[in-house]
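Letter by letter, the chains look like this.
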Amino acid sequence: MEINARKWLDGISTAKPDSGRFGPVSLSGLHVWYAKHGCVICFLRIPAFATDNDGLWQPGSIATLIDLVGAAAILSAESTIKVSVDFVISYFSPVKLNEEVDIDARVIECKGKLTMVVVEIIKKQRTSRYRDTMDGIFSGSTF
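Residues numbered from 1 in each chain as written. Predicted model: local features only at pLDDT ≥ 70, side-chain atom pairs only at ≥ 80, totals over all residues. Heavy atoms only, no water.

## Notes on the layout of surface pockets
Of the voids in this model, the largest pocket is the one considered here, and its volume is about 1300 Å³. If you trace the largest pocket, you find 39 residues lining it, with Ile66, Val88, Val117, Val118 and Val119 closest to the centre. For the lining of the largest pocket, the secondary-structure elements that each account for two or more residues are helix 3 (59-78), strand 3 (100-111) and strand 4 (114-123). It is strand 4 that provides the largest number of residues to the lining of the largest pocket, a total of 10 residues. (1 Å grid on protein atoms, 1.4 Å probe; cavity = no way out; pocket = protein on both sides within 12 Å on 5 of 7 lines; lining within 4 Å. Points joined across faces, edges and corners; volume = space filled by probe spheres on them. Helix = DSSP H or I, 4+ residues; strand = E, 2+ residues; numbered from the N terminus.)

And the structure:
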């Protein structure tokens with residue numbers, strides 16, 4: 001299952017932006033670091049084409065990335081991709097051109113046909129402690 005999630009995200013992130021889909025634009029340059037058991041962790045350096053005139057990461061691009069990485073987390077847990085039915089995004093601080101972010105998507109609960117996923121985007125400059133914690137969690141544990 002996790003191999004399918006990684007392949008699916010890699011396929012979208014390496015597709016040509018002119019392929020008629022918005023996903024490849026939002027995921028261009030995405031690197032999947034971990035994809036297993038309902039958890040997907042990626043990192044991304046914000047490219048120029050995903051920013052607005054002020055050099056800030058566009059909200060639409062962020063929403064697309066959250067939707068697709070969240071779907072990959074579900075795929076790694078359930079071997080299927082589901083449609084988003086309720087989507088809530090809270091923007092706490094802007095991300096600028098060339099800043100690096102970690103994207104952490106986790107399946108929280110599966111109940112029948114519904115699956116709850118939480119996706120966090122964390123700026124890289126604040127993640128040294130976070131990254132050490134993730135290394136410790138994923139070194140040998142399973143969910």
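## Here's the deal with the sheet that holds strand 4
Backbone hydrogen bonds hold the strands of a sheet together, and the pairing may be parallel or antiparallel. Strand order in the open sheet made by the four strands is 1-2-3-4, with antiparallel pairing throughout. Only two strands of the sheet have a single neighbouring strand rather than two, namely strand 1 (31-36) and strand 4. Put simply, the sheet's adjacent strands are angled 15° from each other on average, direction ignored. As defined by bridge partners, strand 3 adjoins strand 4 across 10 bridges and the pair is classed as antiparallel. (Pairing = 2+ DSSP bridges. Axes fitted to C-alpha atoms, helices over the stretch in contact; angles between N-to-C directions.)

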